[in-house]
Every structure is written in structure tokens, then in C-alpha cells.
Amino acid sequence: MINFKSVDATAIPQLMAIETACHSHPWTLNTMSSCIGGRYFNLAAFNGGTMVGFYIGEKAGPDFTLMDICIAPSEQGKGIAKQLLNQFIDYGEQQNAENLFLEVRESNIPAIKLYENAGFIEMSVRKNYYPSDNPAKNGFEDAILMGMALGLNFQ
């Protein structure tokens, strides 16, 4: 059974292990460390005592941004990312966020589908945003900026 809890700086080694296993260009230790506390918030997924995934969000005024979401490769495809994303959305609603934002690599089709299914829409494209090892991309690939408005209460 998966359970969820927020983590502090003592969990950085576990966060980094998942981060480096998931990304071709992972966050650095300094970046990860700077995103624990302050205006940042997180939630980690645990299977028993083992961390299997996490998200890191940032609060900027009335808006929240999903900075990073990662699931250990051995745990992918089990719905954990969907659960974490739903928890991020729920937290935004509880905290009266106005908008939720995220960026995703244009090549990350499974993540794009996850975000679309949760209600995020494409807002813009950030050209040459992410580093890429794909020779056809000249060292970079585009990011798709996605967003979701919360609490509009249309009647």
C-alpha cells in the first residue's frame, strides 16, 4: 500500500536517487536542496518504508507550480504519478491557489497525457528549454507550458 507524507532535507538522498534514475538531465543536488522548505512544498510516496516517488511544488503569489514529479522506474505504470498529481491539485484547492502550472518535455507523451487527463491544458511552448541528448534537437528540446485554473466557480 502506498502512503504519502511531506519530507524534509533529511530525505534529499532518497529524492536524488529517484531523480537521477528518472531523468536524462536530473536536477543537481544544489537545486534539489534549494527546493526543500521556504516557498516550496512536497509530497513523497512510500511503499512500506521505501520512497518510490515525489513531487515538488512552488508557491508564487496565488499560483502554484509543479516543479518536479518523479516515480522510481520500478514503480512506474502503477498509478502513483496520478495519485501524486491529484494530491498536488487537491493541495492547491485547499490553499486557495488561483492557478496551477507545470512544464513538460515535448517528448514526454505519457506525462502530457497524465496532465491532460487531470485537466491541465497547453498554454504555450518554451522553445529550446530542456537540454537534450537527441542529435536532431541540437542539444535542446521544447517545453510545453500547461496550466489549470482553480476556483473559478462559474455559475
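Here, the structure is the one placed above.
To keep things clear, this report deals only with the structure shown in the data block.

## Structural notes on the state of the cysteines
Within this structure, the stated rule accounts for zero disulfides. For Cys35, which is in no disulfide, the shortest distance to another cysteine sulfur is to Cys70 and amounts to 13 Å. You can call Cys35 buried: its relative accessible area is 4%. For the unlinked cysteine Cys70, the closest cysteine sulfur is that of Cys22, found at 3.9 Å. Here Cys70 falls in the buried class, since its relative accessible area comes to 2%.

## Quick word on the pattern of salt bridges
Overall, the coordinates contain six salt bridges when judged by the stated rule. Here Arg39 ties to Glu58 by a salt bridge, and the two come within 2.4 Å at their closest N and O atoms. Of this pair, Arg39 sits in the loop between helix 2 (29-34) and strand 2 (40-47) while Glu58 sits in strand 3 (residues 50-60); the two residues are 19 residues apart in sequence, bridging distant segments of the chain. By relative accessible area, which is 48% here, Arg39 ends up partly exposed. The exposure class assigned to Glu58 is buried, which follows from its relative accessible area of 13%. A salt bridge links Arg105 to Glu141, with the nearest nitrogen and oxygen atoms 2.8 Å apart. Placement of the pair is Arg105 in strand 5 (residues 99-105) and Glu141 in strand 7 (residues 140-149), with a sequence separation of 36 residues. Glu141 carries the same exposure label as Arg105, and that label is buried.

About the cut-offs
Residues numbered from 1 in each chain as written. Predicted model: local features only at pLDDT ≥ 70, side-chain atom pairs only at ≥ 80, totals over all residues. Heavy atoms only, no water. Disulfide = S-S within 2.5 Å. Buried < 20%, exposed > 50% of the residue type's maximum accessible area, 1.4 Å probe, protein only. Salt bridge = Lys/Arg side-chain N within 4 Å of Asp/Glu carboxyl O. Helix = DSSP H or I, 4+ residues; strand = E, 2+ residues; numbered from the N terminus.

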